[in-house]
Amino acid sequence: MFNNTEIGIDLGTANVLIYTKSKGIVLNEPSVVAIDINTKQVVAVGLEAKEMIGKTPRNIIPIRPLKDGVIADYDVTAQMLKELLKKVSKKMGLTVRKPSVVICTPTGSTSVERRAIHNAVSSYGVKQVHLIEEPVAAAIGADLPVDEPIANVVVDIGGGTSEVGIISFGGVVSSHSIRVGGDRMDEEIIQYIRKKYNILIGERTAENVKMEIGYATPNHDEKTMEIRGRDMVTGLPKTVTVTSMEIHNAIKELLEQMLEAIRSTLEECPPELSGDIVDRGIVLTGGGALLNGIQEWLADEIIVPVHIAPNPLESVAIGTGKALKMISKLQQAAK
């Protein structure tokens, strides 16, 4: 038996990552659930469900139960977590019984949203649930000295939200959360292709375009990519070639919103910590940190060093797992 397991969960809009103390990241799957609307049964979860997006019969619909970093469909989220935790048990060949769970929440989430996350996890028969703010988890996962009295600035660009936090002495000094992330970029790309070329493309195609030829910097060696979609006039399949400059223009406004959130957070920073930021710079985590040229673009705009975390996609999940040790230390000290 695998009792009293300690699990860290990064419940993201785009992906769910599960971390265990003994094995590290044991699961990294898309936050998608495919449901049969006739029987209300879960058909697939995670990777299998994502493969079905845009390709299912009418009775099966793939749902993303999290929107903008918070739970949009409580029941489906609880079912998804249950299935994913079952997958972890199978993968490890062990029974996960009454685990202690640390799960992250967006900085700006309300008490109702936090309660929904807490309840969704509790429904699996969890012993204890601890909530931790996303920037803190990201900073711990990026190996920053969060418990020291120095400014650690983290920008976590996820699927649904972008979180900016200044952390010192284990707590958040100043933070901003905006509901702009990878998913919004995909939407903007879909809209741009639709307006300019009269072609409808799916979410997965838009995501591939963003990953291949999406650039944060306007000055880059231009790349092109062929994309296929449905012609809105004839209704027939059609192929067009788009350039990386077009994609940059499509997502430029969202990047400006992220920059504004970073600037606002830095403006609220106490003067004593501002000196640390000039020396230490800021650390990027989350899937958005992998956007081409984002490091150079940010460094030019805010004129401080910009670093990318060693493992940006897994930083928050690793941080939730490591936070367990800190929480148990605090609890032991309190006894």
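Basis of the calculations
- Residue positions are given per chain, counted from 1 along the sequence in the order it is written.
- Whole-chain, interface and lining totals are the exception, using all residues; otherwise, since this is a predicted model, local features are given only for residues with pLDDT of at least 70 and side-chain atom pairs are given and counted only at 80 or more.
- As a rule here, side-chain values cover all heavy atoms of the structure and leave hydrogens and water aside.
- Within the patch definition used here, like charges are joined within 9 Å and nonpolar side chains (Val, Leu, Ile, Met, Phe, Trp, Tyr) within 5 Å, considering only residues with over 30% relative accessible area and no salt bridge.
- All accessibility values rest on the Shrake-Rupley procedure with a 1.4 Å probe; residue burial counts only the protein chains present in the view.
- Salt bridge, as applied in this entry: a Lys or Arg side-chain nitrogen positioned within 4 Å of an Asp or Glu carboxyl oxygen.
- As used throughout, the charge tally considers Lys and Arg to be positive and Asp and Glu to be negative, leaving His and the chain termini uncounted.
- Every charge is mapped onto a representative atom, which is NZ of Lys, CZ of Arg, CG of Asp or CD of Glu.
- Helix and strand definitions follow DSSP, with helices as H or I runs of at least four residues and strands as E runs of at least two, each counted in order from the N terminus.
- Buried residues are those whose accessible area, probed at 1.4 Å on protein chains only, stays under 20% of the maximum for their type, while exposed residues exceed 50% and partly exposed ones sit between those limits.
- Among buried residues, those of type Ala, Val, Leu, Ile, Met, Phe, Trp, Tyr and Cys that are joined through side-chain atoms within 4.5 Å constitute a nonpolar core.
- Residues count as neighbours in contact if any of their non-hydrogen atoms are within 4.5 Å of one another.
- In this scheme, strands are said to pair when DSSP sees at least two bridges between them.
- Each axis is a line fitted through C-alpha atoms, taken for helices only over the stretch in contact, and angles between the N-to-C directions span 0 to 180 degrees.
- Helix crossings are classified by the rotation of the near helix relative to the far one: an anticlockwise turn of less than a right angle makes the crossing left-handed, while a clockwise turn makes it right-handed.
- The nonpolar class holds Ala, Val, Leu, Ile, Met, Phe, Trp, Tyr, Cys and Pro. Asp, Glu, Lys and Arg form the charged class, and all remaining residues, Gly among them, are polar.
- With a 1 Å grid laid over protein atoms only, a set of points is called a cavity when a 1.4 Å probe fits there but cannot get out and a pocket when it is open yet has protein on both sides within 12 Å along at least five of seven lines; lining residues have an atom within 4 Å of a point.
- Grid points are joined across faces, edges and corners, and a volume is the space filled by probe spheres set on the points.

Enquirer: Please provide a residue-by-residue account of a negative patch on the surface, values included.
Expert: On the surface, Glu253, Glu256, Glu260, Glu267 and Glu268 cluster together to form a negatively charged patch. Within the element layout of this structure, glutamate 256 appears in helix H7 (residues 244-267). What makes glutamate 256 partly exposed here is its relative accessible area of 42%.

Enquirer: Provide a residue-level description of the nonpolar core, including the pertinent values.
Expert: Ranked by internal contacts, the top residues of the largest apolar core, which has 42 residues, are Ile189, Ile201, Leu255, Ile277, Ile282, Ile294 and Leu298. With eight residues, H7 is the largest single contributor of residues to this core. In contact with leucine 298, other than residues within four places in its own chain, are Leu259, Ile262, Ile282, Leu284, Ile303 and Val306. Membership of the second largest hydrophobic core comes to 27 residues, among which are Ile7, Ile9, Ile71 and Leu85.

Enquirer: Tell me about the side chain of threonine 77, residues and numbers included.
Expert: Within the secondary structure layout, threonine 77 lies in helix H2 (residues 74-92). On the basis of relative accessible area, threonine 77 is assigned to the buried category, the value being 0%. Those residues within four positions of threonine 77 in sequence are excluded, and the remaining contacts are Leu11, Pro65, Ile71 and Ala120.

Enquirer: Break down the pairing of strand S6 (residues 41-45) for me, with residues and values.
Expert: Look at any regular strand and the pattern is simple: side chains alternate between the two faces of the sheet. Two strands pair when backbone bridges link them, and strand S5 (residues 33-36) and S6 are joined in this way by four bridges, in the antiparallel orientation. Paired with valine 33 across the strands is valine 45, a residue of S6.

Enquirer: Which residues make up the packing of helix H5 (residues 182-197) against H7, and what are the values?
Expert: It is at 9 Å that the axes of H5 and H7 come closest, and there the two elements cross at 140°. Crossing angle aside, the handedness with which H5 passes H7 is right-handed. Here Arg184, Met185, Glu188, Ile189, Tyr192, Lys196 and Tyr197 of H5 come into contact with H7, specifically with Glu246, Ile247, Ala250, Ile251, Leu254, Leu255 and Met258. For the contact of H5 with H7, the residue count by class is 10 nonpolar, no polar and four charged.

Enquirer: Give me the layout of surface pockets: which residues, what numbers.
Expert: Here the largest pocket is characterised by a volume of approximately 1,100 Å³. Residue lining of the largest pocket: 41 residues in total, with Ala14, Asn15, Gly159, Asp183 and Glu207 positioned closest to the centre. Those elements giving two or more residues to the lining of the largest pocket turn out to be strand S2 (6-11), strand S3 (15-20), strand S4 (24-30), strand S8 (66-67), strand S13 (152-157), H5 and helix H6 (203-213). Element by element, the count of residues in the lining of the largest pocket is highest for H5, at seven residues.

Enquirer: So, the environment of isoleucine 25: which residues are in play, and what are the values?
Expert: Looking at the element boundaries, isoleucine 25 is found in strand S4. Separated by 165 residues in sequence, isoleucine 25 and isoleucine 190 have C-alpha atoms that sit 32 Å apart. Setting aside residues no more than four positions away along its own chain, isoleucine 25 makes contact with Leu17, Ile18, Tyr19, Glu314, Ala317 and Ile318.

Enquirer: With reference to specific residues and values, describe the sheet that holds S5.
Expert: Here three strands make up an open sheet; going across it, the order is S6-S5-S7 and the pairing antiparallel. Each of the sheet's edge strands pairs with one partner strand only, and the pair in question is S6 and strand S7 (60-63). On average, each strand axis in the sheet is inclined to that of its neighbour by 30°, with strand direction left out of account. Pairing of S5 with S7 involves four bridges; the strand directions are antiparallel. Following the sheet pairing, alanine 34 is matched in S7 by proline 62.

In short, the description is geometric, and any link to function would need to be established separately.
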